[in-house]
Structures are given as C-alpha cells and as structure tokens.
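# Observations on chain architecture
The chain contents come next:
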Protein chains: 2
Amino acid sequence: MTGTKDRILAAGAELFRHGGYAGTGMKQIVEKAGAPFGSVYHFFPGGKEQLGEEVVRTSGMQYAQLFEVFIAPSPDLITGIETFFAGAVTTLLDTDYVEGCPIATVALEAATTNEPLRRATADVFEAWTKAGTKGFSAFGLPEEHARTLTLALVTSLEGAFVLCRSMRTTEPMAVAGAAVVDVARRLLAELGDDGKRRPEDS
Amino acid sequence: MTGTKDRILAAGAELFRHGGYAGTGMKQIVEKAGAPFGSVYHFFPGGKEQLGEEVVRTSGMQYAQLFEVFIAPSPDLITGIETFFAGAVTTLLDTDYVEGCPIATVALEAATTNEPLRRATADVFEAWTKAGTKGFSAFGLPEEHARTLTLALVTSLEGAFVLCRSMRTTEPMAVAGAAVVDVARRLLAELGDDGKRRPEDS
DNA sequence: GTCTATAGACGGATAGAC
DNA sequence: GTCTATCCGTCTATAGAC
C-alpha cells in the first residue's frame, strides 16, 4: 500500500513535469493525489518549495536507473546508445509528446529564481552524470572520456526533448542519438578501442 | 524612440526567459516596461496568451540572426560551429548563467498546456532550422545534411543551456560544441568534402 | 486613447475542529 | 495526527474616469 506522502510526490512529479513548478498549484497536487489539502503541509512543512525539492530529487533519481536498464546490458557501447535513444522516441510517440524529462522544466524555471530548487536539479543532473560515467567506464572508457560521453548524451537528450515536444516530431531525437554515437566513435577511435565490454569489468 | 508596445515585448521577453510564462505576472511586465497597466490590454487584447505568443515570435526570430553572425562569416564550417559555441560559453559566464535560450522555458511549459503558445515556439524552432540549413548549405552541404547538422546544433545547444544553467558550469556547453563538430566531420567525410566555403556560393 | 481603480478568481498557507 | 474552513495576497482582466 502506497503512503499518502508517496502519492503526493508522484502527483507532484507528473504535474510539475507537465505544467512546470510555477504553473502547478498545491490544490491541484493534493486533488490528484486523493489527499486532503492539509496533509501536504503535514508532510512538507516547508511548503511548495520543499515539495518541489523532494519531487525533483525522488523522480530525478528514479530516472538514473535508465542508464542501467538501456545501456549496461548492451553488447557494445554504440548499440547501447542507439537503444537508449530509440527508447526515448518510443516514449514520445506512446505518450503523444507528453512525457519528457521529469525535471528539465523545473530546472529552467528555477535556474535564476529559486536557489534551493536549482540546487536540487543540479544534484540530479550530477547524479545522472555519475551513473552514466560509471556505466560507460564498464565498456573500457577512461573516466574522463566516459564523463564527456555522458554529458554529450544528457545534453543531446534534454535538447531533443525540448524540440520534439515543441515541434511534435521525433526527428530531433533521432538526430541527437546519431550525434552521441558520433561522439562515442570519436572517443573510441582516440583509444584504438572497439567499444566492446571488457572481460575484467563484467 | 521605442514605442510602448516594443518596450512591453522586450520586458516580457526578459521576464519570460528568466521566470517562465506561468511564473511571470502581467504587472511585473508593465512595471519593467515603464508602462501603465491598462496599456498591455490595449496592445494585446488577447491578454497574456497573445502577449506570450508575440514575445516568443519576436524574440525568437531575433535569435535566428545568430546563425548569420557567428557561422556565415567563418572560413570553414568547423570553426563556424566552434565560434558559435564559444559565444554561448561567453554569454553564460558574462551573465552569470542568467541568459540562456529565450524560449526554451516557455516551450517546455507550453508543450502540453497551451496549444497556441506551443505553436509559436514550434514556429520559432522551425525558423531557426530553416536559417541554419540555409547557412550550412552555403558551405556545400546538401540540404538534407545541412538540416541534420542544424538540428544537432540546436538540440545540443538547448540541452547544454539546461545543464549549464542548472549546474552553473560551462562544461556541458563545451562538450555539446565538440559533439556538433563530430557530427559535422561525419557528414563532411560522407561527402569527401573539406568544409570550405564554395566559391560559387559566396 | 491613456491610465487608474477594482472586480472576481485562484494562489499558498494556516488555525482549529475532530 | 487528519482533515476542513478560511485568511490574505496576487493573479488576470475589465470598467470607467480623464
């Protein structure tokens, strides 16, 4: 059985993702969560800001798993990237361009207007970068290169979500995936590597 | 002498860029523009939605010129891209990570909540894509490749703005620029071209 | 036609009943 | 400790004075 706090966090995550932080009301959130209004201040005494922060951290950290799900099981680094972006395309089409990044909207809103909230989004992006760096290192990339490749992946993905959801096409996402593959090929070429997983890292 | 409507549009552009569409009030806008409150409904009878739409279109179209300014005068395509992203890094540092894309925040907010506003952002992105495609075509790239390269540039740029402004580092922007260069190199290699401007196109 | 004062709705937050 | 009724500020939008 899911607790009330979890339901509020889940409702907040969905509403913030769609309508943004400023565009979403507390009453909207508790209504969607099926909770009485007062309970939100019981679980989040810091009010909307605390709720926003916790929503960003929890929903953001859940998405870090996507690196494990899509890239880690792949036979080589390139197909891992291609699978990852194919998944993003599927998500866009299946949800009619509703589901994108869970925190990008809030990140842009908060960047210069709400320091604690900005910090939360930054922590999530840093966690994603760490997770991706670890995942790509398993394919034999030195840590610095693995970090570069992860940043290329996340930036391309985020930007593609912006364009795809605005223009309602998956074309930018396909281009973005191909761009990250180009980066991976360049980094592998610098090493003289083939991108296959190394036995000692399995 | 700048008219009142232009001042309102300029103030709206700056405030929407920082605080987003939902997070910015009409009173804030007219105050910053130094205009009386009623004048906003005189110039924008459609209210906030019409104002948002016109802000997105005017400020978005102004940014299309950046392709001409940074990329067109370059001796070759690769240095054009590098100059473009170096400019983005300078902007981030000079403005302490305040200035990013003028419409990305609104694009994400409006994607699933405000159809006319989403449309305006989509039209701007399409205009940028057209401008970039034309610009890259001048370097001898076939139109389809030039469009692909432009989409790679815009997606990488947008995503890098999200991460840079959230994390307060320019690292993602540097990685994004290098990624777009990788895409350009791949497209040029497919053509056996050197990326220099063609005499007949100058 | 420019501007002010206000309406009407909704925002976040809280006090207090149970 | 759970929930409801309400407060006060701010929002968009408008009516009407000048």
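Residues numbered from 1 in each chain as written. Chains lettered and ligands numbered in written order. Predicted model: local features only at pLDDT ≥ 70, side-chain atom pairs only at ≥ 80, totals over all residues. Heavy atoms only, no water.

### A closer look at the protein's contact with DNA strand D
- Close contacts around DNA strand D come from Pro 36, Phe 37, Gly 38 and His 42 of chain A together with Thr 24, Gly 25, Met 26, Lys 27, Phe 37, Tyr 41, Gly 47 and Lys 48 of chain B, and that covers them all.
- Per the 4 Å cut-off to the protein, sugar and phosphate atoms form 55% of the nearby atoms of DNA strand D.
- The separation between a phosphate oxygen of DNA strand D and a polar main-chain atom of Thr 24 of chain B is 3.4 Å.
- With respect to DNA strand D, the side chain of Lys 48 of chain B contributes an N or O atom lying 3.0 Å from a phosphate oxygen.
- Of all the secondary-structure elements, those providing two or more residues to the surface near DNA strand D are helix H3 (37-43) of chain A together with helix H2 (26-33), helix H3 (37-43) and helix H4 (47-71) of chain B.
- Among the elements that make up the surface near DNA strand D, the one with the highest residue count is H3 of chain A (three residues).
- Taken together, the residues of the surface near DNA strand D sort by class into five nonpolar, five polar and two charged. (Near = heavy atom within 4 Å. Polar contact = N/O pair within 3.5 Å; in protein donor to acceptor, adjacent residues only side chain to side chain. Helix = DSSP H or I, 4+ residues; strand = E, 2+ residues; numbered from the N terminus. Nonpolar A, V, L, I, M, F, W, Y, C, P; charged D, E, K, R; others polar.)

### As for the relation of the copies chain B and chain A
- Superposing chain B onto chain A requires a rotation of 180° together with a translation of 0.0 Å along the rotation axis, leaving an RMSD of 0.1 Å. What we have between these two chains is a two-fold relation. Closest approach to the rotation axis within chain B is made by the C-alpha atom of Gly 159 of chain B, at a distance of 1.8 Å.
- Interface overlap between copies is the fraction of interface residues in one copy that are interface residues in the other; for chain B against chain A it reaches 100%, indicating a shared surface. (Least-squares fit on C-alpha atoms with pLDDT ≥ 70 in both. Contact = heavy atoms within 4.5 Å.)

### Regarding the side chain of Thr 150 of chain B
All names here are of chain B.
- As for its position among the elements, Thr 150 is in helix H8 (residues 143-167).
- Of the residues examined, Thr 150 reaches a relative accessible area of 0% and is grouped as buried.
- When residues no more than four places from it in sequence are discounted, the contact partners of Thr 150 are Phe 67, Trp 128, Thr 129, Gly 132, Thr 133 and Phe 136. (Buried < 20%, exposed > 50% of the residue type's maximum accessible area, 1.4 Å probe, protein only.)

### Section: the protein's contact with DNA strand C
- Looking at DNA strand C, the residues that line it are Thr 24, Gly 25, Met 26, Lys 27, Phe 37, Tyr 41, Gly 47 and Lys 48 of chain A together with Pro 36, Phe 37, Gly 38 and His 42 of chain B.
- Backbone atoms, meaning sugar plus phosphate, form 57% of the atoms of DNA strand C positioned within 4 Å of the protein.
- Among the elements of the structure, helix H2 (26-33), H3 and helix H4 (47-63) of chain A together with H3 of chain B are those that each provide at least two residues to the surface near DNA strand C.
- With three residues, the top contributor of residues to the surface near DNA strand C is H3 of chain B.
- Among the residues forming the surface near DNA strand C, the class breakdown is five nonpolar, five polar and two charged.

### Section: the UniProt feature "domain: HTH tetR-type" (unreviewed entry) in chain A
- Those places that UniProt annotates as "domain: HTH tetR-type" (unreviewed entry) correspond, in this numbering, to residues 2-62 of chain A.
- Summarising residues 2-62 of chain A: 77% helix, 0% strand, and an end-to-end C-alpha distance of 16 Å. (UniProt positions renumbered as here; feature names shortened; annotations may be inferred.)

### Overview of unusual backbone geometry
Residue and element names in this part refer to chain A.
- Phi is positive for Asp 96, close to 55°, though the residue is something other than glycine.
- Relative to the helices and strands, Asp 96 is located in the loop between helix H6 (77-94) and helix H7 (104-110).
- Under the relative-accessibility criterion, Asp 96 is labelled partly exposed at 45%.
- In this structure, Arg 168 takes a positive phi of about 55° despite not being glycine.

### Comments concerning the environment of Arg 57 of chain A
- Mapping Arg 57 of chain A onto the fold places it in helix H4.
- Residues Arg 57 of chain A and Gly 20 of chain A, spaced 37 residues apart in sequence, show a C-alpha to C-alpha distance of 15 Å.

### Some details on the nonpolar core
- Residues Leu 149 of chain A together with Leu 149 and Met 173 of chain B are the most contacted members of the largest nonpolar core, which totals 137 residues.
- When residues are assigned to domains, this core turns out to be shared by domain 1 (4-54) and domain 2 (64-193) of chain A, each giving three or more.
- Not counting residues up to four positions away in its chain, the partners in contact with Leu 149 of chain B are Leu 77, Ile 81, Phe 136, Leu 141, Val 180, Val 183, Ala 184 and Leu 187 of chain B. (Core = buried A, V, L, I, M, F, W, Y, C linked by side-chain atoms within 4.5 Å. Domains from an automatic or database assignment.)

### So, the packing of H4 of chain A against helix H8 (residues 115-137) of chain A
All names here are of chain A.
- At a minimum axis separation of 9 Å, H4 and H8 run at an interaxial angle of 10°. What the angle tells us is that H4 and H8 run roughly parallel. Together, Glu 49, Gly 52, Glu 53, Val 56, Arg 57, Gly 60, Met 61 and Tyr 63 of H4 and Pro 116, Leu 117, Arg 119, Ala 120, Thr 121, Asp 123, Val 124, Ala 127 and Trp 128 of H8 make up the contact between the two elements.
- Within the contact of H4 with H8, the residues separate by chemical class into nine nonpolar, three polar and five charged. (Axes fitted to C-alpha atoms, helices over the stretch in contact; angles between N-to-C directions. Parallel < 35°, antiparallel > 145°, perpendicular 65-115°, else oblique.)

### A few points about the pattern of salt bridges
- Counting across every chain of the model gives 22 salt bridges over all chains.
- Its salt-bridge partner being Arg 147 of chain A, residue Glu 126 of chain A comes within 3.3 Å of it at the nearest N-O pair. Remark: Arg 147 of chain A occurs in helix H9 (residues 143-167) and Glu 126 of chain A occurs in helix H8; sequence separation between them is 21 residues.
- Overall, the relative accessible area of 23% leaves Arg 147 of chain A in the partly exposed class.
- If you follow the salt bridges from partner to partner, you end up with Glu 126, Lys 130 and Arg 147 of chain A together with Glu 171 of chain B in one network. (Salt bridge = Lys/Arg side-chain N within 4 Å of Asp/Glu carboxyl O.)

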